[in-house]
Amino acid sequence: MHSPDLIFTIAGGLSAALVFGYITQRIGLSPIVGYLLAGTLVGPHTPGFVANTTLAQQLAEIGVILLMFGVGLQFHFEELLAVRRIAIPGALAQSGVSTILGTALALSFGWHWSSGLIFGIALSVASTVVLIRVLSDNNDLHTQAGHIAVGWLVVEDILTVLALVLLPALFGGASGGSLPVSLALTLVKVAVLVGLTAVFGTRVIPRVLDYIAATRSRELFTLSVLVIALGIAVVSSEVFNVSMALGAFLAGMIVGRSEYSLRAASEALPMRDAFAVLFFVSVGMLLDVHAIADVAPLVLGALAVVLIGKPLVAFILVWTLRYPLRTVLTIAVALSQIGEFSFILATLGHDLGILSTTATNTLVATAIVSIVLNPVAYRTIGPIERWLRKYPALYGILNRASNHSEVATKGPATATHPKYRAIVIGYGPTGRTVA
């Protein structure tokens with residue numbers, strides 16, 4: 001069956017995602033792995049049902065917009081400021097080193113420097129979905145290490161958003177002007193977009209949401225949030241000629257700063273999750289399993305950057321700042337993966353005519369392997385720390401915790417570990433929102 005219509009593409013893609021997502025969830029892996037494998041199964045490079053790739057990619061664009069809207073909705077400057085002294089320099093250092101390593105790897109295989117740069121940036125950014133999932137599964141999300149890791153990733157997300165804005169100006173082939181002029185023009189457009197969005201978002205959108213909320217219609221509220229996300233994203237692209245991802249991110253920040261942020265998260269984001277699944281499925285469709293052998297050396301090199309280079313940089317930096325060994329290991333391991341932002345960058349690179357199918361295959365294969373290994377590696381943190389305690393001299397060198405780094409673990413005189421500071425009883429809609 002070839003080139004099925006929209007309903008067959010959605011039904012086939014979501015059905016395969018459900019089956020493989022359930023299987024990967026049951027065996028302790030991230031469902032994202034299942035979604036990527038499902039996409040490969042219904043893609044053009046495997047026998048059997050073949051989904052319409054063009055339609056899947058169009059649906060994936062909605063998934064990208066809603067993913068970025070969710071990132072903006074959950075972005076809070078306060079959380080970043082609380083860990084800014086480590087998250088900002090840490091993310092900058094790790095992203096910079098990872099980008100350099102990825103670019104050098106691509107150049108060693110004969111790629112053009114522009115392809116290598118986008119490839120390196122794609123290897124430098126970790127997956128928010130995977131990070132939150134791993135920290136939550138191990139009850140570490142609301143610990144000192146969890147707060148730092150989330151703040152670190154917020155900075156990486158901001159850097160990636162900037163990359164999504166600047167890369168088209170760098171490699172989009174804009175006519176009529178030099179590169180500095182193109183970059184300056186892009187930055188002016190972004191500044192105008194941010195300014196207008198801030199004014200419009202603080203004066204108009206809250207009033208619109210007030211009127212919609214007064215109707216007590218859940219459907220209208222969900223529809224209004226969707227229109228805000230898609231509308232600002234489309235205006236960003238068509239009027240200001242910048243990434244729709246940036247517009248969606250700004251829309252999420254606007255709604256997130258309003259009194260309706262929690263309601264938007266609980267009612268509108270499930271739709272984001274559905275389209276996000278289609279996004280991962282569409283990425284999996286790009287994986288050519290028959291070509292993996294041809295790019296195996298490149299995949300191994302990319303995995304070395306993600307699984308060794310990135311965590312090593314994080315380990316050294318956090319250790320240098322004298323944080324407890326458990327925090328050092330947690331941050332290093334939690335960030336040793338790539339995910340949705342890497343795919344968004346790969347899609348942009350492909351649209352700009354810079355990244356080839358070889359690069360896409362490499363990134364998808366690297367993401368699948370790193371996402372599979374990340375939860376497994378995370379479970380080794382405790383045993384590693386216990387093993388190091390058997391060697392006091394070595395443990396003393398690695399555990400350089402100073403007083404300032406243990407502030408987060410102090411509080412009222414109690415034997416309760418910070419990870420158990422809150423207990424949520426009941427896990428219905430309200431309980432899930434609280435959690």
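The preceding data block contains the structure.
1. A closer look at the overall build of the protein chain
Here is step 1 of the chain: Counting its secondary structure elements, the protein chain contains 21 helices and 0 strands.
Here is step 2 of the chain: In terms of overall size, the protein chain behaves like a compact globule, its C-alpha atoms giving a radius of gyration of 22 Å where 435 residues would be expected to give roughly 22 Å.
Here is step 3 of the chain: Its C-alpha atoms put the protein chain at 60 × 60 × 50 Å along the principal axes.
Here is step 4 of the chain: Taken across its 435 residues, the protein chain has 51% of its residues classed as buried.
Here is step 5 of the chain: Partitioning the contacts of the protein chain with sequence separation of at least 6, the portion at a separation of at least 24 is 79%.
Here is step 6 of the chain: In the structure as shown, the protein chain presents an accessible area of about 20,600 Å², 67% of it carried by carbon and sulfur atoms.

2. With respect to the nonpolar core
A general feature of soluble globular proteins is that nonpolar side chains tend to end up buried together.
Here is step 1 of the chain: In this structure, Met 68, Trp 152 and Phe 279 are the most contacted members of the largest nonpolar core, which totals 121 residues.
Here is step 2 of the chain: If sequence neighbours within four positions are ignored, Phe 279 has contacts with Ala 60, Gly 63, Val 64, Leu 67, Glu 340, Phe 343 and Ile 344.

3. Focus on the packing of aromatic side chains
Here is step 1 of the chain: Evaluation of the coordinates by the stated rule reveals 3 aromatic pairs.
Here is step 2 of the chain: With centroids separated by 5.0 Å and ring planes inclined at 70 degrees, the aromatic side chains of Trp 111 and Phe 119 adopt a geometry described as edge-to-face. Each member of the pair, Trp 111 as well as Phe 119, is classed as buried.
Here is step 3 of the chain: Between Trp 387 and Tyr 391 the ring centres are 5.1 Å apart and the planes differ by 55 degrees, which places this aromatic pair in the tilted class.
Here is step 4 of the chain: In this structure, Arg 263 is placed above the aromatic ring of Phe 221, and the distance from its NZ or CZ to the ring centre is 4.1 Å.

4. Side note on a nonpolar patch on the surface
Here is step 1 of the chain: Side chains of Val 19, Tyr 22, Ile 23 and Ile 27 sit close together on the surface and give an oily, nonpolar patch of about 410 Å² of accessible area.
Here is step 2 of the chain: Following the sequence through the fold, Ile 27 ends up in the loop between α1 (6–26) and α2 (31–42).

5. A look at the packing of helix α8 (residues 144–171) against helix α17 (residues 340–351)
Here is step 1 of the chain: Here α8 crosses α17 at 5 degrees, and the two axes come no closer than 11 Å. The orientation of α8 with respect to α17, classified from their angle, is roughly parallel. Residues Asp 157, Thr 160, Ala 163, Leu 164, Leu 167 and Pro 168 of α8 touch α17, and the partners they reach there are Phe 341, Ile 344, Leu 345 and Leu 348.
Here is step 2 of the chain: Considered class by class, the residues forming the contact of α8 with α17 number 8 nonpolar, 1 polar and 1 charged.

6. Describing helix α16 (residues 325–334)
Here is step 1 of the chain: With 9 of its 10 residues buried, α16 lies for the most part within the structure.
Here is step 2 of the chain: Buried residues of α16: Leu 325, Thr 327, Val 328, Leu 329, Thr 330, Ile 331, Ala 332, Val 333 and Ala 334, and no others.
Here is step 3 of the chain: Close packing links the buried residues of α16 with α7 (128–137), α8, α15 (296–320), α18 (357–378), α19 (381–389) and α20 (392–398).

7. Details of unusual backbone geometry
With the exception of glycine, most residues fall at negative phi, and the peptide bonds are largely trans.
Here is step 1 of the chain: Here Asn 139, not a glycine, exhibits a phi torsion of approximately 55 degrees, which is positive.
Here is step 2 of the chain: Mapped onto the elements, Asn 139 comes out in the loop between α7 and α8.
Here is step 3 of the chain: Look at Asn 139 and you get partly exposed, because its relative accessible area is 44%.
Here is step 4 of the chain: Even without a glycine there, the phi angle at Arg 216 is positive, about 60 degrees.

8. Thoughts on the packing of helix α10 (residues 205–214) against helix α11 (residues 218–238)
Here is step 1 of the chain: Between α10 and α11, the least distance of the axes is 9 Å, while the angle of their chain directions is 155 degrees. The angle between α10 and α11 falls in the class roughly antiparallel. The crossing of α10 and α11 is right-handed. Contact residues: Ile 205, Leu 209 and Ile 212 in α10; Leu 220, Phe 221, Ser 224, Ile 228 and Ile 232 in α11.
Here is step 2 of the chain: In terms of residue class, the contact of α10 with α11 is made up of 7 nonpolar, 1 polar and no charged.

9. With respect to the environment of Leu 209
Here is step 1 of the chain: Assignment of secondary structure puts Leu 209 in helix α10.
Here is step 2 of the chain: Judged by its relative accessible area of 1%, Leu 209 is buried.
Here is step 3 of the chain: Leu 209 sits 114 residues away from Tyr 323 along the chain, and the two C-alpha atoms are 44 Å apart.
Here is step 4 of the chain: Setting aside chain neighbours within four positions, we find Leu 209 in contact with Phe 221, Ser 224, Ile 228, Ser 258 and Tyr 260.

10. Overview of the pattern of salt bridges
Here is step 1 of the chain: All told, the structure shown has 2 salt bridges when counted by the stated rule.
Here is step 2 of the chain: Of the charged contacts in the structure, one is a salt bridge between Glu 385 and Arg 326, with a shortest N-O distance of 3.3 Å. Within this pair, whereas Glu 385 is found in helix α19, its partner Arg 326 is found in helix α16, the two being separated by 59 residues in sequence.
Here is step 3 of the chain: Put simply, Glu 385 and Arg 389 hold a salt bridge, and the shortest N to O gap is 3.7 Å. Here the residue Glu 385 and the residue Arg 389 both occupy positions in helix α19, the gap between them amounting to 4 residues, near one helical turn.
Here is step 4 of the chain: Owing to a relative accessible area of 11%, Glu 385 belongs among the buried residues under this scheme.
Here is step 5 of the chain: The structure contains a network of salt bridges with shared partners spanning Arg 326, Glu 385 and Arg 389.

11. What to know about the environment of Ala 93
Here is step 1 of the chain: Relative to the assigned elements, Ala 93 resides in helix α5 (residues 84–108).
Here is step 2 of the chain: Taking the relative accessible area as the measure of exposure, Ala 93 reaches 30% and is therefore partly exposed.
Here is step 3 of the chain: Each C-alpha atom of the pair Ala 93 and Leu 317 lies 8.4 Å from the other, and the pair is 224 residues apart in sequence.

12. Side note on the side chain of Ser 114
Here is step 1 of the chain: With respect to the secondary-structure elements, Ser 114 resides in helix α6 (residues 113–124).
Here is step 2 of the chain: Those residues in contact with Ser 114 that sit more than four places away from it in its chain are Phe 171 and Ile 354.

Cut-offs used in this document
Residues numbered from 1 in each chain as written. Predicted model: local features only at pLDDT ≥ 70, side-chain atom pairs only at ≥ 80, totals over all residues. Heavy atoms only, no water. Helix = DSSP H or I, 4+ residues; strand = E, 2+ residues; numbered from the N terminus. Rg over C-alpha atoms; globule rule 2.2 N^0.38 Å. Buried < 20%, exposed > 50% of the residue type's maximum accessible area, 1.4 Å probe, protein only. Contact = heavy atoms within 4.5 Å. Areas by Shrake-Rupley, 256 points an atom, 1.4 Å probe, with all protein chains shown as cover. Core = buried A, V, L, I, M, F, W, Y, C linked by side-chain atoms within 4.5 Å. Phe/Tyr/Trp six-rings, centres within 6.5 Å; stacked < 30°, edge-to-face > 60°. Lys NZ or Arg CZ within 6 Å of the ring centre and 35° of its normal. Patch = residues over 30% accessible without salt bridge, like charges linked within 9 Å, V, L, I, M, F, W, Y side chains within 5 Å. Salt bridge = Lys/Arg side-chain N within 4 Å of Asp/Glu carboxyl O. Axes fitted to C-alpha atoms, helices over the stretch in contact; angles between N-to-C directions. Parallel < 35°, antiparallel > 145°, perpendicular 65-115°, else oblique. Nonpolar A, V, L, I, M, F, W, Y, C, P; charged D, E, K, R; others polar. Left-handed = near helix turned anticlockwise from the far one by under 90°.

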